[in-house]
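Summary of the model geometry
Residue-level listing of the chains:
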Amino acid sequence: MSCFEEEVSPVVIDYGTYSIKAGLANQTEPSVEVRNLVGKSKRINIFATEGDVYVGNEVLKCASRFKIIQPIQNGIIVNEPSFDAITDHIFWKELNVYSSAQPVVVIKPSQSPLEEKEEFLCNTFFGNFDVPSLSIRDSAITALFSVGRTTGVIVDSGHAITKIVAIYEGKVIPESTIIVPLAGDHLTEHMVRILSGEDSYYETRAGKEAIRTMKEKACFLAEDYDQEFQNRLKEKNLMETFELPDGQSISVTEEIAQCPELLFNPSLLDGRCKALQYLIEDCIMACNEEVRDALWYNIVLSGGNSMFEGFGERVYSEIKKLAPEGTKVRIICGGRREYQPWKGGSILAKLSSFSQACITKQAYYESGSSIID
Ligand SMILES: Nc1ncnc2c1ncn2[C@@H]1O[C@H](COP(=O)(O)OP(=O)(O)OP(=O)(O)O)[C@@H](O)[C@H]1O
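Residues numbered from 1 in each chain as written. Predicted model: local features only at pLDDT ≥ 70, side-chain atom pairs only at ≥ 80, totals over all residues. Heavy atoms only, no water.

1. Overview of the site of the ligand
The local shell around the ligand holds 21 residues, among which Thr 17, Tyr 18, Lys 21, His 159 and Glu 216 are the closest. A distance of 2.8 Å separates an oxygen atom of the ligand from a polar atom in the backbone of Tyr 18. Summarising the interface, the protein chains cover 91% of the accessible area of the ligand, which totals 660 Å² for the free molecule. Assessed atom by atom at 2 Å from the grid points, the ligand resides in the second largest pocket. No other element matches helix 6 (residues 205-218), which puts three residues into the shell around the ligand. Its residues assigned to classes, the shell around the ligand comprises five nonpolar, 10 polar and six charged. (Near = heavy atom within 4 Å. Polar contact = N/O pair within 3.5 Å; in protein donor to acceptor, adjacent residues only side chain to side chain. Areas by Shrake-Rupley, 256 points an atom, 1.4 Å probe, with all protein chains shown as cover. 1 Å grid on protein atoms, 1.4 Å probe; cavity = no way out; pocket = protein on both sides within 12 Å on 5 of 7 lines; lining within 4 Å. Sits in = over half its atoms within 2 Å of the grid points. Helix = DSSP H or I, 4+ residues; strand = E, 2+ residues; numbered from the N terminus. Nonpolar A, V, L, I, M, F, W, Y, C, P; charged D, E, K, R; others polar.)

And the structure:
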């Protein structure tokens with residue numbers, strides 16, 4: 001008798017502060033992106049059960065009806081029941097798979113304290129979702145892996161934080177890690193502050209969403225900020241007009257270059273951290289001299305906030321000025337950089353050695369948390 005069974009592809013889930021990206025490892029990109037939002041109805045509904053929660057993009061459609069919770073804040077899981085609600089939604093509603101039949105790769109939130117959260121993740125995935133095996137991965141390492149490297153500096157600028165870390169032969173160099181609270185959400189809020197003088201609509205949740213969309217479409221990084229303005233002023237094409245979802249239109253001028261400029265010139269905001277180029281330099285200089293050349297030559301951009309037009313060119317021109325003379329500098333920019341940690345996780349899941357990198361449910365319950373490396 002012959003028996004044929006389709007091979008089960010692992011599920012890869014990348015938990016971010018802006019959104020959770022998920023999909024089967026045999027796909028090239030995540031098939032699902034769910035906003036990091038859980039909504040509980042404000043109105044008392046006699047038919048409501050405890051499980052009556054709304055998740056992700058659904059919450060935004062009628063945000064005013066919900067008490068909104070963000071289970072991940074600043075790269076840390078802060079609300080465990082809501083984290084479960086999002087994960088449940090991803091398995092059942094979005095991916096439509098049985099969690100008990102799928103090995104799972106979890107790319108953990110970027111600031112999660114190590115041991116504590118890994119134990120929580122094991123208890124959640126084995127206990128609540130009955131997954132057969134689990135691999136917990138660091139987003140910086142998988143982002144580097146996604147561009148075919150195991151040594152380099154990851155510059156991961158997402159929604160709540162920017163994290164810069166050096167990785168050598170697949171291992172994080174802990175003393176090189178730098179995390180600053182300046183990323184996509186701060187840039188959106190900066191835009192909101194500038195524009196809300198004109199219209200209080202921008203301060204509402206819907207208004208902020210509209211500004212975020214406009215920011216993503218319109219903003220760009222000048223290679224030389226001051227020069228760019230002189231050129232544009234001469235061409236008199238500094239003004240751009242955008243249609244917002246509510247039908248209104250908005251005109252923006254220098255804000256479209258000034259907004260992402262904050263990353264390279266944070267004194268424009270409140271100087272809350274050093275400029276990105278100096279943070280990259282500090283990260284590399286915190287590492288042993290022997291590995292620095294490999295790091296200057298493998299600076300990898302990751303995260304949605306690095307998707308501004310001109311971002312790679314600007315990092316290159318700033319880093320060229322800072323690197324020791326004669327050092328070769330290279331900036332590696334993949335395509336959809338917000339998906340880079342997920343993609344690296346999916347590549348790992350396809351390796352023949354993948355099953356050895358997983359913790360099985362049975363081993364976890366036999367050995368307890370000591371099995372987590
Ligand atoms: N094309 C774009 N241009 C500029 N910014 C963008 C673009 N696309 C997405 N972003 C911004 O990137 C941020 C989301 O990035 P990403 O998905 O990498 O974050 P995350 O991994 O969920 O969050 P974190 O890493 O902070 O936990 C948002 O603030 C969004 O506005």
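We are not done yet, so read on.
2. Let's talk about empty space enclosed by the protein
By rolling a water-sized probe across the atoms, one finds the places where empty space is left. Going through the model one piece at a time under the given rule, you end up with one cavity of 30 Å³ or more. There is about 40 Å³ of room inside the largest cavity. As for the largest cavity, its lining consists of Thr 162, Val 180, Leu 182, Leu 263, Cys 273, Lys 274, Leu 276 and Leu 279. Residue composition of the lining of the largest cavity, by class: six nonpolar, one polar and one charged. (Points joined across faces, edges and corners; volume = space filled by probe spheres on them.)

3. Things to note about the domain arrangement of the protein
As a measure of interface size, the accessible area lost when the parts come together is often cited. Taken domain by domain, the protein comprises domain 1 (11-140 + 339-371), domain 2 (147-181 + 274-333) and domain 3 (184-272). Once you take the C-alpha centre of each, domain 1 and domain 2 turn out to be 28 Å apart. For the pairing of domain 1 and domain 2, the buried interface totals around 950 Å² over both sides, and the portion due to carbon and sulfur atoms is 60%. Three residues, Ser 110, Ala 140 and Gln 340, lead the burial of domain 1 against domain 2; their summed loss comes to 50% of the area buried on that side. The interface formed by domain 1 and domain 2 contains zero salt bridges. At the boundary of domain 1 with domain 2, the tally comes to one residue pair in polar contact (both at pLDDT 80 or more). Where the side of domain 1 that touches domain 2 is concerned, the elements lending two or more residues are helix 4 (139-145) and helix 12 (340-350). Along the lines of polarity and charge, the residues of the side of domain 1 that touches domain 2 split into three nonpolar, six polar and one charged. (Domains from an automatic or database assignment. Buried area = accessible area lost by both parts, 1.4 Å probe. Salt bridge = Lys/Arg side-chain N within 4 Å of Asp/Glu carboxyl O.)

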